[in-house]
Structures are given as structure tokens and as C-alpha cells.
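# Architecture and fold: a report
Here is how the chains run, residue by residue.
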Amino acid sequence: MALAHEAAHAPAEPSTPLVGIENVDLVYGSATGGVEALRGATFSVKRGGFAAVVGPSGCGKSSLMKLTTGLIPPTRGRVVLDGDVVNGPVSIAGMAFQNPTLLPWRSTLRNIMLPLEVVEPHRRQLRAKRAEYRARAEALLDAVGLSGFGDRSPWELSGGMQQRASLCRALIHEPELLMLDEPFGALDAFTREELWAVLQELWMKQRFTVILVTHDLREAVYLAETIHIMSARPGRIVASKEVDLPFPRTLEDTFSTTFVDVVHELRDHIGRERQT
Amino acid sequence: MSGVDNTAQGDITPAVDASAAAQVAPSVPWWKRDAAAPWLLLLALVLIWEAVCWIFWIPKFVLPPPSMVLASLWEWHAVIAGHALQTLYTTILGFVFAVAGGLALGAAVGYSRYLYVALYPLLIGFNSIPKVAFVSILVLWFGVGTIPAVITAFLLAFFPIVVNVAAGLATVEPEMEDVLRSLGASQRDIFWKVGLPRSMPYFFASLKIAITLAFVGSVISETIAANSGIGYLLINATSRFDVPLYFAGLVVVAAMGVIVYSLFASIEGRFTGWATRGQSVRFENSGGGG
């Protein structure tokens with residue numbers, strides 16, 4: 001797995017998008033007295049792309065995650081994933097949340113290997129290929145800077161380390177789509193910025209598709225190719241912004257004028273959305 | 001492999017502090033140790049009891065002093081041992097059934113929301129009935145002796161197991177469920193990989209309550225209808241106004257309860273150390289169960 005920093009920046013060929021959210025409404029609870037979380041949300045993410053979704057709090061960002069992975073059905077409209085309309089939990093996605101949700105009774109390595117016990121075809125092959133899968137998990141641990149911690153229990157790790165492990169678990173079955181719901185929200189600024197670099201490197205190497213839900217605008221600009229801005233509840237996409245900064249982006253870039261301008265622009269948008 | 005760009009290279013030092021529990025002060029006086037505490041308290045209570053009996057001239061058929069209870073225990077030790085074994089036998093048997101039944105029912109109730117809604121009122125209602133009321137019926141059905149005692153022990157012990165296992169299963173983090181469901185996991189997968197391991201600390205906590213209740217069940221049944229067991233001994237002792245023997249029987253039940261309880265407490269630490277983050281396990285190992 002050699003790094004290909006330059007090649008990764010080449011624009012992906014315009015093929016059919018991997019994820020398509022098409023005019024989706026979502027109402028929680030009963031149809032009459034329910035909470036309207038989304039109204040006419042529409043956006044798409046191209047294969048191998050990195051999209052971020054930002055917006056005021058409570059705008060239904062997390063609902064988008066559940067819709068895309070088929071955990072909940074849309075009230076109206078449709079969600080298309082890899083050419084098919086989603087009508088149940090999909091298996092090509094990996095998820096990570098603000099809470100690392102590692103199982104405390106399993107070692108870190110066995111936590112990371114959990115998806116392999118569930119997702120086909122790995123599930124069938126697990127017994128025969130255990131050594132190979134173990135090596136894959138250890139390579140991932142190494143990639144996020146956790147080598148040697150596989151045998152520790154999750155509660156022996158710091159918050160940042162748990163979040164790295166959670167990221168490994170989301171990627172172990174080599175999903176085409178990585179869904180991140182404020183994955184670095186509970187971390188301190190230094191750890192968060194370090195994990196941005198880790199995530200960006202993994203993405204550039206493996207080119208899975210990423211949807212990152214976040215309220216951290218710098219995080220969105222640092223990581224994403226395209227940023228979708230949501231309105232206040234009921235949420236819809238009010239603007240989409242391409243970030244014209246070359247990859248790999250570094251912390252130095254976050255102080256450049258282009259970067260700061262984009263952050264300002266996003267902030268203005270969201271500020272307006274919060275007032276309406 | 002770890003070629004993150006240099007600006008973000010500084011690794012976070014792991015916040016692992018394994019030595020925290022090892023730093024027990026070396027010279028704790030013996031009477032402050034965990035192992036000594038329950039014995040000291042017991043000794044103090046016995047001494048006070050003894051003193052009260054002598055100071056106030058309490059007749060021995062009202063409240064015998066501990067010395068007299070101990071003497072009675074020694075005098076009748078062969079008889080008491082036989083009855084104690086019978087009670088221990090019925091209790092353990094009832095308890096084993098309660099564990100099997102409680103685990104199965106708790107898992108079912110925690111697994112299916114429908115079953116939960118259907119069964120819970122019934123369970124609460126059933127558990128509100130004093131189990132003494134069942135014993136007469138059980139004697140009518142199965143005759144005097146071992147079987148009613150086993151069933152009564154079972155009836156008392158299985159409820160806390162059901163409730164705790166169900167609670168453990170019902171409190172699985174929704175996000176954890178989302179992670180697994182988005183991978184295509186069935187409800188069965190989630191049950192075996194997350195729900196059941198997660199409910200183990202609840203299960204073991206309930207075992208400690210259940211075993212003491214099983215003793216209560218056995219003894220209740222034996223006091224009503226039996227030819228042996230501590231309960232039978234108690235009734236026998238009362239009818240002869242042998243109050244020291246009565247208390248000796250109570251002491252034996254209590255002692256058996258404590259012994260079996262501490263057995264489970266030690267097993268619990270081994271199975272669910274993750275739930276206490278390894279800390280109290282170390283305490284128990286260094287302190288020893290009293």
C-alpha cells in the first residue's frame with residue numbers, strides 16, 4: 001500500500017453517484033403530530049468522493065445518516081445507493097459516531113473485527129481466514145497509529161484512541177461508503193486535528209466514499225471535496241460548496257486565505273439559516 | 001505506513017494507568033483490612049447482644065444470648081447438619097431451575113418487545129403474590145417434602161433474574177445497534193454479540209439476590225410442610241420452646257447464604273471484570289470475600 005499523494009488529487013471520472021438523496025421528506029412519529037426532520041432534502045455524492053454535511057444543530061443531519069444506511073425509511077422521496085433504491089439496512093456502509101461505542105468485554109482488536117463476524121462474505125470465511133483478517137485489522141490499527149494496542153481493552157484507551165479504533169471498525173470490511181456522524185466532536189482540538197490527517201490519509205489511499213456529518217466548519221473544509229449546508233429543521237440542502245484546495249491538505253492550509261474564506265462563507269450561510 | 005504529514009505527527013501519549021490499583025499503601029493495620037471488617041462487625045454485634053441479654057436478665061425463651069445459641073449449635077450439631085444439608089439441597093436445586101428459567105425468560109422478554117409488553121404485567125402480578133400462599137397448593141399437588149421446597153425456592157429466586165437480564169438487554173446503546181444493523185446484522189446477531197454479553201453483569205448481580213431468596217423460599221416451605229430441613233427444625237424447636245436451637249437454625253441459614261453468596265461474588269468478578277473496569281476485581285482479590 002504505497003502512498004500516492006499526487007495521483008489522488010486527479011478528479012474522479014464522472015460516473016453515476018454512489019449516494020443519491022432524492023427529494024426526501026422524513027417525519028418522525030405519527031403522520032399527523034410527528035416531528036418533521038427533513039423536507040425535500042436532495043444531494044448526491046460521487047463514488048470515491050468526500051462530502052460533508054453541515055448545518056445548525058437539530059437540523060436532521062443525523063437522520064440523513066440513518067436514511068442513507070437504510071436504518072429508517074424516508075416518509076417521501078427516495079434514497080439511492082449504488083444504483084439501487086434503499087429499502088432496508090445496506091451492507092456496503094461503515095459507520096462511526098461521536099461515541100466510539102466499542103464493546104468493553106472485547107479486546108480492541110476483536111472490537112475492530114466485529115463487522116467481519118456479521119457482513120457476508122467475511123462471515124462465512126472468518127474461520128478459514130482468521131489469520132488474514134487479523135493481519136488486516138492490525139494493519140488498520142497501524143495506519144491510525146494504534147499499533148500494539150490491539151490486545152488492550154477499549155476502556156484502557158484514551159478517548160482519542162477509542163475513536164481511532166472506532167474508525168478502524170468502520171473500515172475493516174472495506175466498505176464502499178463510510179458514514180461519519182460527528183466522529184471527532186467529543187475530542188480535544190489537538191487530537192481532532194490529528195485524526196483529520198489520519199482520516200484524510202486513509203481516504204486518499206483507499207478512496208472509499210465518505211459522508212461526514214459535522215458542526216465543525218473547519219473540519220468540513222479541511223476534509224471534504226464538497227460541503228452541503230442544511231437549513232434549520234425541517235432540514236433541506238440550501239447550498240453546496242466545492243472546496244478548491246488540493247489534497248493532501250495540511251494544518252498549514254487551514255491558515256491560508258482560501259481556507260479561511262470558505263469557512264467564513266459557510267458560517268454566513270449557517271448564520272442566516274439559524275435566524276430564519 | 002504511519003506517514004501522516006509531518007505537521008500532525010505528534011502522537012498522543014496513551015492515557016493508560018494500569019498501576020493505579022497496585023498502589024495500595026503497604027502498612028494498613030490488620031483491623032482496617034477488608035478481610036477483617038465483616039468479622040469485626042459480627043464480633044461487635046455478638047458481644048453487644050450477649051451483654052444486653054445479661055444486663056437486662058432477658059429470659060432465654062425470649063432471647064437467648066449468643067453463647068447459649070452457640071452451645072445449642074454444638075449440642076445438636078449432627079441433627080442440624082442433616083437439616084442444613086436438606087435445605088441446602090432444595091435451595092440449590094430451586095436456584096438452578098430459577099437460573100435456567102430466569103435467563104431464558106429474561107432473554108425472551110428482552111429480545112422481543114411484544115413479549116415484554118405481554119409478559120410484564122403478568123410477571124409483576126405473579127410476583128406480588130406472597131409465595132407462602134403457594135406452599136399449601138404445592139403440598140396439595142406434590143405432597144409434603146422436597147418438591148414444594150424446591151418449587152418455592154424457584155418461585156422466589158427467578159423473578160429478579162428475569163428482571164435484570166431483561167434490563168441488561170433493553171439498555172443496549174441504540175448507536176451500537178445502528179452500527180450492527182447497518183452491517184446487515186439480524187436481531188439474533190445483535191442479541192448474541194451485544195445484548196447477552198452486555199447483560200451478564202446484570203445477570204450476576206441478580207444471582208446474588210436470587211440465591212438469598214432461594215434460601216428464604218426453601219425455609220418458608222419447610223416451616224409449613226416438611227419432615228426435614230432447617231424450616232422443619234425451626235417449627236420443631238418452637239413447639240418445644242427450645243429458643244436457643246431456633247436461633248441456631250437461623251444462624252445456620254444465614255451462614256449458608258453468606259457462603260454461597262461469596263462464591264457467586266468471586267465468580268462474578270471473573271466473568272464481568274470489564275464492567276467494573278478491572279478496579280474492584282483487584283480490590284476483591286486483595287481483600288478476599290468476607
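These figures come from a predicted structure and were not determined experimentally.

## A look at the overall build of chain A
Counting its secondary structure elements, chain A contains eight helices and 10 strands. Taken over C-alpha atoms, the radius of gyration comes to 19 Å for chain A, in line with the 19 Å a tight globule of 276 residues would show. Taking the principal axes of the C-alpha coordinates as reference, chain A spans close to 55 × 45 × 40 Å. At a minimum sequence separation of 6, the contacts of chain A that also span at least 24 residues come to 72%.

## Describing the overall build of chain B
Counting secondary structure elements, chain B contains 11 helices and zero strands. In chain B, the succession of α and β elements from N to C terminus is α-α-α-α-α-α-α-α-α-α-α. In chain B, buried positions account for 34% of the 290 residues. Counting contacts in chain B only where the partners sit at least 6 residues apart, residues at least 24 apart contribute 76% of the total.

## Description of the confidence of the model for chain B
Residues and elements named next belong to chain B. Taken over all residues, the pLDDT of chain B has a mean of 83, while the share at 70 or more is 86%. Within the model, pLDDT remains below 50 along residues 1–10, and this stretch shows 19 contacts once partners closer than five positions in the same chain are excluded. Throughout residues 280–290 the model reports pLDDT below 50, and contacts reaching past four residues in sequence, or to other chains, amount to 19 contacts. Model confidence for the complex: the whole-complex pTM is 0.73, and ipTM, which rates the interface, is 0.74.

## Thoughts on the environment of Arg274 of chain A
Residue and element names in this part refer to chain A. Among the secondary structure elements, Arg274 is positioned in helix H8 (residues 257–275). On a C-alpha basis, the gap between Arg274 and Thr250 in space is 30 Å, while along the polypeptide they are 24 residues apart. Those residues in contact with Arg274, other than ones at most four positions away along the chain, are Pro56 and Ala232.

## With respect to the sheet that holds strand S2 (residues 35–45) of chain A
Residues and elements named next belong to chain A. Judged by pairing direction, the sheet is antiparallel, and its four strands sit side by side in the order S2-S1-S4-S5 without closing on themselves. At either margin of the open sheet sits one strand with a lone partner, and together these are S2 and strand S5 (84–85). Here strand S4 (residues 76–81) pairs with S5 via two bridges, running antiparallel. When the sheet's bridge partners are listed, Val80 is paired in S5 with Val85. Running over the sheet, helix H1 (residues 61–68) touches strand S1 (19–28), S2 and S4 and is turned about 115 degrees from S1.

## Describing helix H8 (residues 187–224) of chain B
Helix length check: H8 of chain B, at 38 residues, gives a terminal C-alpha distance of 46 Å against a target of 56 Å (1.5 Å per residue), a shortfall beyond 12%. At Met200 of chain B, H8 of chain B is deflected by roughly 40 degrees, the largest bend along its length, and proline Pro201 of chain B occurs up to four residues later in sequence.

## A look at the sheet that holds strand S10 (residues 237–242) of chain A
Residue and element names in this part refer to chain A. Across the sheet, six strands lie side by side as S6-S7-S8-S3-S9-S10; this open sheet has mixed pairing. At either end of the open sheet lies a strand with only one pairing partner, and these are strand S6 (93–97) and S10. Strand-to-strand twist across the sheet, computed as the mean angle between neighbouring axes with direction ignored, equals 15 degrees. With five bridges joining them, strand S9 (residues 226–230) and S10 adopt antiparallel strand pairing. What sits directly across from His228, in S10, is Ser240. Against the sheet, H1 touches strand S3 (50–54), strand S7 (177–181), strand S8 (209–213) and S9, its axis set at about 150 degrees to S8. Packed onto the sheet, helix H5 (residues 159–171) meets S6 and S7 and runs at close to 165 degrees relative to S6.

## Observations regarding the packing of helix H7 (residues 174–181) of chain B against H8 of chain B
Residue and element names in this part refer to chain B. Across the interface, H7 lies against H8 with an axial gap of 11 Å and an inter-helix angle of 130 degrees. What the angle tells us is that H7 and H8 run oblique. By crossing handedness, the relation of H7 to H8 is classed as right-handed. Facing Met176, Glu177 and Leu180 of H7, the residues of H8 in contact are Asp189, Ile190 and Val194. Class assignment of the residues belonging to the contact of H7 with H8 gives a composition of four nonpolar, no polar and two charged.

## Observations regarding the environment of Glu22 of chain A
Residue and element names in this part refer to chain A. One can find Glu22 in strand S1. Sequence separation between Glu22 and Ala137 is 115 residues; the distance between their C-alpha atoms is 36 Å. Not counting residues up to four positions away in its chain, the partners in contact with Glu22 are Thr42, Gly77, Arg78 and Val80.

## Some details on unusual backbone geometry
Residue and element names in this part refer to chain A. For the peptide bond that leads from Phe247 to Pro248, omega is -5 degrees, which places it in the cis range. Mapped onto the fold, Pro248 is located in the loop between S10 and H8. Phi is positive for Thr101, which is not a glycine, with a value near 45 degrees. By the element assignment, Thr101 lies in the loop between S6 and helix H2 (108–112). Phi at Arg207 takes a positive value of approximately 50 degrees, unusual for a residue other than glycine. For Arg207, the location among the structural elements is in the loop between helix H6 (189–206) and S8. On the basis of neighbour counts, which here come to 16 C-beta atoms within 10 Å, the residue Arg207 falls in the partly exposed class.

## Some points on the pairing of S8 of chain A
Residue and element names in this part refer to chain A. Within S8, five of the five residues are buried, leaving the element largely enclosed by the surrounding structure. As judged from the four bridges shared by S3 and S8, these two strands associate in the parallel manner. Bridging across to S8, Phe50 finds its partner in Val210. Here S7 runs beside S8; their pairing, made up of five bridges, is parallel. Pairing of Met179 across the sheet is with Ile211, part of S8. Crossover S7 to S8 through H6 is right-handed.

## Examining the packing of helix H3 (residues 77–111) of chain B against H8 of chain B
Running from N to C, H3 of chain B and H8 of chain B cross one another at 145 degrees; their axes reach a closest spacing of 8 Å. Crossing of H3 of chain B over H8 of chain B shows right-handed handedness.

Conventions and cut-offs
Note on numbering: residues in each chain are counted from 1, in written sequence order. Going through the entries in the order they are written, you letter the chains from A and number the ligands from 1. Owing to the predicted nature of the model, reporting of local features is limited to residues with pLDDT of at least 70; listing and counting of side-chain atom pairs is limited to 80 or more, with chain, interface and lining totals taken over all residues. Strands are runs of DSSP state E lasting at least 2 residues, helices are runs of H or I lasting at least 4, and numbering of each runs from the N terminus. In this treatment the radius of gyration is a C-alpha quantity, and the globule benchmark scales as 2.2 Å times the residue count to the 0.38 power. Contact between residues is assigned whenever the C-beta positions, reconstructed from backbone atoms, fall within 7 Å. Backbone-placed C-beta atoms define the burial measure: a residue is buried with 20 or more other C-beta atoms within 10 Å of its own, exposed with 12 or fewer, and partly exposed in between. As a per-residue measure, pLDDT tells how confident the predictor is, with possible values from 0 to 100. Following DSSP output, two strands are said to pair if at least two bridges run between them. Here an angle of 0 to 180 degrees is reported between the N-to-C directions of two axes, which are lines fitted to C-alpha atoms, with helices fitted over the stretch in contact. Expected helix span is given by 1.5 Å per residue-to-residue step, counting one fewer step than there are residues. The term bend refers to the angle at a residue between two fitted axes, each drawn through seven residues, those ending there and those starting there. Orientation is classified from the angle alone, with under 35 degrees giving roughly parallel, over 145 giving roughly antiparallel, 65 to 115 giving roughly perpendicular, and any other angle giving oblique. Take the far helix as the reference: if the near one is turned anticlockwise from it by less than a right angle, the crossing is left-handed, and if turned clockwise, right-handed. Three residue categories are used. Nonpolar comprises Ala, Val, Leu, Ile, Met, Phe, Trp, Tyr, Cys and Pro, charged comprises Asp, Glu, Lys and Arg, and polar comprises the others, including Gly. If the strands point away from the viewer and the path from the first strand over the helix to the second runs clockwise, then the crossover is right-handed.

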